[in-house]
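# Topology and contacts: notes
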Amino acid sequence: MDAEREAVLEFTDVSGRIRQCKVLSARSVATGEDEPLRVVDLEVETAEDGAEPIRLTQRSVPRAAGARDPGLYDRLEQEVRISLALRRRFGPAGYPRELARVFGYDLDGDEPFVLFEAFRGDPASHVAGRLVLDELRAFQTGLLRGVRILEQAGIVHRGITPDSVRWDGGGVQLTCFDLAMLAERRRTPAGRRPWASPQQRMGKGWAESRDDVWSAGMVIYHVATATPADALDRAPDLSVAEPRTRALLAGVFGERAVDRPGPAELLERLGAVDPLPPPEEAPDPLFEIGGHRFDEMMRQKWGNAYVPPRVPVDPVGRDADEPAPAPAPVTRTSAPPPEPAPAASGGPRSITVAALVAVAVLALALIVMGGLM
């Protein structure tokens, strides 16, 4: 864009309004090889009287990059879609500080973009090997809280790298949602070694939070040990990490997603509080009573063939080469009557039938004899 068009930024905000802001300053941000979009830090002035300038971070698709790879436009649209879904899920007041917060977007211009409230801190790649133990533990907790929050929202980030994880000296912020997708959707190939899990790179199976556990574990290992990315193509050597990090990452790099711990278990290893918010409202007791009545009606109609629906639990993903789990045994409230034993020749049933036949023959003979006399 030329200087005149850069002076005014027009976009759609999160409420759907078209807004304009005057750009006071713009500074391009150097990015790593995992960041294909242009990133610019902005300071803008809104039209509201007396409003203070606002700092924003803009991610956009430059014309030249879009011409080389049209898929970048799809990735930017996905980032807007996921970011708006997170904003609706958590609302403005309860939005978690571990996730970048969308401010607005423009997908119709020559260089489409998405705006976030200014990213905090520096990419994790800038602090690898530089954090003391207390900072390292805060970094690990913040990153895993972000993964757990996304899991609760039903979203898999799929792009957790040292460039998308930021550290501000006291907390972590997850950015860059352009590869994110809904959980339990079929995986598509995304990411690269060492940050993306094997299943994610191959695009096999169904996306779930343990894909992000692998990626977060790699970033935690990289920050704790300062091991360069090109040395992480093989399984990380946990023996070089300090003891608490080694204990935290046990099992995180399992080849199968189902063998890895989930984010809640990793937070428990850290002694951290699970960030899941409490339910918004208490369950309706009448709904539960109605469910029991429905189950009873179905039992009367179908007998033992009816199995009540299972209570939903956190999904457990299976890799494409894993067998389906064995069905759970059906729990009965009372033992069914024993099946009758098959009749055998010469058994009690045969004796009873023979006796009845003999009595009938004798009665018939007596009747005939009475008629002859």
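Just above, that's the structure.
Just so you know, these numbers come straight off a predicted model, no measurement behind them.

### Re the pattern of salt bridges
It is possible for side chains bearing opposite charge to pair when their charged atoms get close. Applying the stated criterion across every chain, the model contains 19 salt bridges. Residues Asp13 and Arg19 are paired through a salt bridge, measuring 4.0 Å at the closest nitrogen-oxygen approach. Under the relative-accessibility criterion, Asp13 is labelled buried at 5%. Assessed through its relative accessible area of 16%, Arg19 is described here as buried.

### Side note on the sheet that holds strand β4 (residues 54-60)
Ordered in space as β1-β2-β3-β4-β6-β5, the 6 strands form a closed barrel in which the pairing is antiparallel. Ignoring strand direction, the axes of neighbouring strands in this sheet form an average angle of 45 degrees. Of the pairings in the sheet, the one linking strand β3 (residues 38-45) to β4 comprises 7 bridges and is antiparallel in character. Paired with Glu43 across the bridge in β4 is Arg55. The strands touched by helix α3 (residues 71-90) are β4, β5 (102-106) and β6 (113-117); relative to β6, the strand with the most contacts, the crossing angle is about 35 degrees.

### Regarding the packing of helix α4 (residues 133-152) against helix α6 (residues 209-225)
Two packed helices can be described by the angle between their axes and the distance between those axes. Relative orientation of the contacting elements α4 and α6 amounts to 165 degrees, with a least axis distance of 10 Å. With respect to their mutual orientation, α4 and α6 come out roughly antiparallel. The handedness of the crossing between α4 and α6 comes out as right-handed. Here Leu136, Phe139, Gln140, Leu143, Leu144, Val147 and Glu151 of α4 come into contact with α6, specifically with Ser209, Asp212, Ala216, Val219, Ile220, Val223 and Ala224. Of the residues contributing to the contact of α4 with α6, the split by class is 10 nonpolar, 2 polar and 2 charged.

### A word on the nonpolar core
One finds Leu86, Leu99, Phe139, Leu143, Val165 and Val219 to be the most contacted residues of the largest nonpolar core, which totals 54 residues. Secondary structure elements with two or more residues in this core: α3, β5, β6, α4, β9 (165-167), β10 (172-174), α6 and α8 (263-270). Looking at this core, the element that brings in the most residues is α6, giving 8 residues. Once you skip the residues sitting within four places of it in the chain, Phe139 turns out to touch Ala124, Leu131, Val165, Trp167, Val172, Val219, Ile220 and Val223. Core analysis: the next-biggest nonpolar cluster, separate from the first, contains 11 residues, Phe11, Leu42, Val44 and Phe103 among them.

### What to know about the pairing of strand β2 (residues 18-28)
Note that strand β1 (residues 8-13) and β2 share 5 bridges and pair antiparallel. The residue bridging Glu10 from the neighbouring strand is Gln20, located in β2. Taken together, the 6 bridges between β2 and β3 define a ladder with antiparallel strand orientation. Considered in β3, the bridge of Ser28 is made with Val40.

### Here's the deal with α8
Three or more residues of α8 are buried, namely Pro263, Leu266, Leu267 and Leu270. The buried residues of α8 occupy an angular sector of 100 degrees when the element is viewed end-on, so they sit on one face. In this structure, the buried side of α8 is in contact with α4, α6 and α7 (243-248). Two residues or fewer past α8, Gly271 is found with a positive phi of approximately 70 degrees.

Thresholds, definitions, all that
- Residues numbered from 1 in each chain as written.
- Predicted model: local features only at pLDDT ≥ 70, side-chain atom pairs only at ≥ 80, totals over all residues.
- Heavy atoms only, no water.
- Salt bridge = Lys/Arg side-chain N within 4 Å of Asp/Glu carboxyl O.
- Buried < 20%, exposed > 50% of the residue type's maximum accessible area, 1.4 Å probe, protein only.
- Pairing = 2+ DSSP bridges.
- Helix = DSSP H or I, 4+ residues; strand = E, 2+ residues; numbered from the N terminus.
- Axes fitted to C-alpha atoms, helices over the stretch in contact; angles between N-to-C directions.
- Contact = heavy atoms within 4.5 Å.
- Parallel < 35°, antiparallel > 145°, perpendicular 65-115°, else oblique.
- Left-handed = near helix turned anticlockwise from the far one by under 90°.
- Nonpolar A, V, L, I, M, F, W, Y, C, P; charged D, E, K, R; others polar.
- Core = buried A, V, L, I, M, F, W, Y, C linked by side-chain atoms within 4.5 Å.
- Arc of directions from axis to C-beta.

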